[in-house]
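Understanding the architecture of this molecule
So the chains spell out like this:
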Amino acid sequence: MSLQEKLETLKVATLAKIEAVNELNALNQIRVEVLGKKGPITEVLRGMKDLSAEERPKVGSFANEIRDLLVEKIDEKKTTLEAAALLVALEKESIDVTLPGKQMPVGTRHVLTKIMEEIEDIFIGMGYQVVEGFEVEKDHYNFERMNLPKDHPARDMQDTFYISEEVLIRTHTSPVQARTMEKHDFTKGPLRMISPGKVFRRDTDDATHSHQFHQIEGLVIDKNVTMGDLKGTLEKLMQKMFGADRQIRLRPSYFPFTEPSVEVDVSCFKCGGSGCNVCKQTGWIEILGAGMVHPNVLEMSGIDSSVYSGFAFGLGPDRIAMLRYGVNDIRNFYLNDIRFIHQFKGE
Ligand code: FA5
């Protein structure tokens, strides 16, 4: 058989193999076998040295033609097989959109955060600024500047976690009053602020007491501020939170930093005042402490108490949330039981 015939036979056989193959590895095998260094084409080309000078270029170009053709066919087949393999993979990995999806747990803001934000929004609407204080506070601001010198018996009202003799974790948000007052420039207008945050006391935890809870402090200082302003402001707050027909009443009380001091009750939002389990049959619910800022507190912050007066209040959002949602144990807010927290998802 001449070299040309050998090449022709090889071409026909290889084209048939390429046509028949249906797997990428097998195709690669053909490439190596036929076109590789030890393959038949290379062998034919090696045998050319025995040909006449006349025949050599003819056989050479014929061999190259066949090699180019085979390379082209192998590449074509490779593209076809790769496309088919991709199709199979896509089919295998396809998503059945009709299957029910996995439920992703969606979180919610804590009910206390929501109550605090609601109260903040009400006061922002009345022109108050929101001020943040420090949880680690100096005795000086937590007590002394609130008219509670070192030996004052009323310090017992707030059992304290001390860090050192002069540093503590705050027992109330009232120190923010002093910090804000001493910085305020009254030539620019009155001071109206609230300050929400965490507070800490060495109280024994029970259904209505937690050693860590929240307060929102409120403070207004201007010329001619009266108890009437305090009452009107708190009444508006309670009506916005508990319904338009709520009323409040003030009862005499004692705080060293206010004079006079009051406890504020709101008419029961459940029974409307006739008596029920929420208001313990009294028709009223105690909701916060308040009063007119004591002249000593004003003077210690550099404010002339003969010109300026003001009111202050401190309310407990934990207790407000308990009342509003009928939560009978404050500790539920801090246990982080997801079943409890999720009950307020829609609120
Ligand atoms: C005060 O802390 C005053 N600083 C409030 C104040 C501010 C009065 C400005 C006048 C002017 P009292 O200790 O009563 O007051 O706390 C205020 C509110 O915090 C209470 O009405 C109650 O809602 C809440 N509270 C007090 N102790 C606890 C506790 N252990 N757990 C949960 N809430 C508490």
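Residues numbered from 1 in each chain as written. Predicted model: local features only at pLDDT ≥ 70, side-chain atom pairs only at ≥ 80, totals over all residues. Heavy atoms only, no water.

1. Points about the overall build of the chain
Secondary structure assignment for the chain yields 11 helices and 10 strands. When the backbone C-alpha atoms are referred to their principal axes, the chain occupies close to 125 × 45 × 40 Å. The buried share of the chain, taken over its 347 residues, is 41%. Across the chain, every contact between residues at least 6 apart in sequence was considered, and the portion connecting residues at least 24 apart equals 66%. The distance from the centre of the 44 positive side-chain charges to the centre of the 52 negative ones in the chain is 4 Å. (Helix = DSSP H or I, 4+ residues; strand = E, 2+ residues; numbered from the N terminus. Buried < 20%, exposed > 50% of the residue type's maximum accessible area, 1.4 Å probe, protein only. Contact = heavy atoms within 4.5 Å. Lys, Arg positive; Asp, Glu negative; His and termini not counted. Charge placed at Lys NZ, Arg CZ, Asp CG, Glu CD.)

2. Regarding the side chain of Ser261
Structurally, Ser261 can be placed in strand β8 (residues 258-267). From its side chain, Ser261 meets the backbone nitrogen of Phe255 in a polar contact 3.0 Å long. (Polar contact = N/O pair within 3.5 Å; in protein donor to acceptor, adjacent residues only side chain to side chain.)

3. What to know about the sheet that holds strand β6 (residues 212-222)
Spatially, β1-β5-β6-β10-β9-β8-β7 is the arrangement adopted by the seven strands of the open sheet, whose pairing is mixed. Each edge of the open sheet carries a strand with a single partner, namely β1 (129-130) and β7 (248-255). Two strands pair when backbone bridges link them, and β6 and strand β10 (residues 309-315) are joined in this way by seven bridges, in the antiparallel orientation. Bridge pairing in β10 links Val220 to Phe311. Its contacts with the sheet put helix α8 (residues 227-242) on β7, β8, β9 (284-293) and β10, and the angle it makes with β9 is roughly 145°. Across the face of the sheet, helix α10 (residues 317-325) comes into contact with β6, β9 and β10 while running at roughly 110° to β6. (Pairing = 2+ DSSP bridges. Axes fitted to C-alpha atoms, helices over the stretch in contact; angles between N-to-C directions.)

4. Considering the site of the ligand
Around the ligand, 23 residues are found, and the nearest of them are His172, Ser174, Arg201, Asp203 and Gln215. His172 is positioned such that a nitrogen or oxygen atom in its side chain is 2.9 Å from a nitrogen atom of the ligand. For the ligand, an oxygen atom lies 2.8 Å from a polar atom in the side chain of Arg201. Taking 670 Å² as the accessible area of the ligand by itself, protein coverage stands at 92%. Listed by contribution, the elements that provide at least two residues to the shell around the ligand are β6, β9 and β10. A per-class count over the shell around the ligand returns seven nonpolar, 12 polar and four charged. (Near = heavy atom within 4 Å. Areas by Shrake-Rupley, 256 points an atom, 1.4 Å probe, with all protein chains shown as cover. Nonpolar A, V, L, I, M, F, W, Y, C, P; charged D, E, K, R; others polar.)

5. Side note on the pattern of salt bridges
According to the stated counting rule, one finds 20 salt bridges in the structure shown. The salt bridge involving Glu182 is made with Arg145; its shortest N-O contact spans 2.8 Å. Placement of Glu182 in the loop between α7 (175-181) and β5 (191-200) and of Arg145 in the loop between α6 (139-142) and β3 (161-162) is noted, with a sequence separation of 37 residues between them. For Glu182, a relative accessible area of 36% gives the class partly exposed. In this structure, a network of salt bridges that share partners links the residues Asp139, Glu144, Lys150, Arg155 and Glu166. (Salt bridge = Lys/Arg side-chain N within 4 Å of Asp/Glu carboxyl O.)

6. With respect to the UniProt feature "binding site: Mg(2+)" (unreviewed entry) in the chain
As recorded in UniProt, the feature "binding site: Mg(2+)" (unreviewed entry) lies at Glu259. Its location among the elements puts Glu259 in strand β8. Note on Glu259: relative accessible area 48%, which makes it partly exposed. Residues contacting Glu259, with those up to four places away along its chain left out, are Met292 and His294. (UniProt positions renumbered as here; feature names shortened; annotations may be inferred.)

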